[in-house]
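Each chain is listed here by its residues.
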Amino acid sequence: MKIKLNSILVDDQEKALRFYTNVLGFEKGKDIPVGEFRWITVVSPEGHPDVELVLEPNANPAAKTYQQALFEQGIPLTAFEATDIHAECRRLKERGVQFTMEPTGAGPVTIAVFADTCGNLIQLYQPAGE
Amino acid sequence: MLHQELLIRLCRARDLLRDTEDPALSVRRVAARTNMSVHHFIRLYKAVFGETPHQCRVGARLERAKYLLTVSDLSITDVCMAVGFSSLGSFSHLFSSRVGLSPSAYRRKFRPLVRVPGRLPPELAPGCFSLMS
């Protein structure tokens, strides 16, 4: 058994694909029609090519409730690792991304949190010593 | 930076915009309830949610229309009125251009798939994706 997929709920798959590629800089992996929706994955050019993030529709009412509750409580749905979190945050801010937490030391990591325009907060983290 | 309190005000604004009851609050009044100038509100809303307040409202109305066309017995004119549109022509045009099917074609396609009365069919409420299984 292997862990190869992470998954994130999005309110609009097309909008999500634009944000995760054009703004965050990931690359489109798979894009397969599944009935009314699509199986869309993105891959980080800096990471392992076989670890994919699924942009999953939040059309199930349970998904919407879960996503909205996390967002309102300020809780990120997932986290991405940065090698230079300060540079990454500057780059994203220049592209209009809104942060709910500036880069902040938290024990062995530095973390920051931003809104992904698809209904989620995402954490960036950089392990100490990198 | 977006503080928690501001984030919650934006979420309350989103709730107001998604409320499909008619008459809806204008974007100007939603901005006022959020304690922001209209310009600042629209700019920040777009940056956080990826769409303007107006786009959010239209999107919520079309979502509600899709739901009613699938699960309710309302006529298409009644669905149009129920989600806050006053003109059947503009509703049908907008619905067709965004959804890719006319309201009546949408109903013909999804209505027969309803298995539990009053609930969306699984085709429209996916449960087979990785985390929401």
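Residues numbered from 1 in each chain as written. Chains lettered and ligands numbered in written order. Predicted model: local features only at pLDDT ≥ 70, side-chain atom pairs only at ≥ 80, totals over all residues.

### A few points about the overall build of chain B
Across its full length, chain B carries 7 helices and 0 strands. Starting at the N terminus, the α and β elements of chain B follow one another as α-α-α-α-α-α-α. Across its three principal axes, chain B shows a C-alpha extent of roughly 45 × 40 × 25 Å. For chain B, the proportion of its 133 residues judged to be buried stands at 24%. Of all intrachain contacts in chain B linking residues separated by at least 6 positions in sequence, the fraction that spans at least 24 positions is 50%. (Helix = DSSP H or I, 4+ residues; strand = E, 2+ residues; numbered from the N terminus. Buried ≥ 20, exposed ≤ 12 C-beta atoms within 10 Å, placed from the backbone. Contact = placed C-beta atoms within 7 Å.)

### Quick look at the sheet that holds strand β8 (residues 121-127) of chain A
Residue and element names in this part refer to chain A. Taken together, 4 strands build an open sheet; the order of strands is β5-β8-β7-β6 and the sheet is mixed. Strands with a single pairing partner mark the edges of an open sheet, and in this sheet they are β5 (78-81) and β6 (99-106). In this sheet, adjacent strand axes meet at a mean angle of 20° when their direction is disregarded. The pairing of β6 with strand β7 (residues 109-115) spans 5 bridges and is antiparallel. Within β7, the position partnered with Gly105 by the bridge is Thr110. (Pairing = 2+ DSSP bridges. Axes fitted to C-alpha atoms, helices over the stretch in contact; angles between N-to-C directions.)

### Comments concerning the domain arrangement of chain B
Quite often, the size of an interface is put as the accessible area lost when its parts meet. All names here are of chain B. Its domain assignment divides chain B into domain 1 (4-52) and domain 2 (55-114). The centre of domain 1, based on its C-alpha atoms, is set 24 Å off from the matching centre of domain 2. Facing 9 residues of domain 1, the contacting portion of domain 2 comprises 9 residues. With 3 residues, helix α1 (residues 4-18) is the largest single contributor of residues to the side of domain 1 that touches domain 2. A per-class count over the side of domain 1 that touches domain 2 returns 3 nonpolar, 2 polar and 4 charged. (Domains from an automatic or database assignment. Nonpolar A, V, L, I, M, F, W, Y, C, P; charged D, E, K, R; others polar.)

### Thoughts on the sheet that holds strand β1 (residues 5-10) of chain A
Pairing between the strands of a sheet comes from backbone hydrogen bonds, and it takes one of two forms, parallel or antiparallel. All names here are of chain A. Spatially, the 4 strands line up as an open sheet ordered β1-β4-β3-β2, and their pairing is mixed. Across the chains shown, the open sheet's two edge strands, defined by having one partner strand only, are β1 and β2 (27-34). Ignoring which end each strand starts from, the neighbouring axes of this sheet average 25° apart. As paired strands, β2 and strand β3 (residues 37-43) are joined by 6 bridges and run antiparallel to one another. Residue pairing across strands places Asp31 opposite Ile40, the latter belonging to β3.

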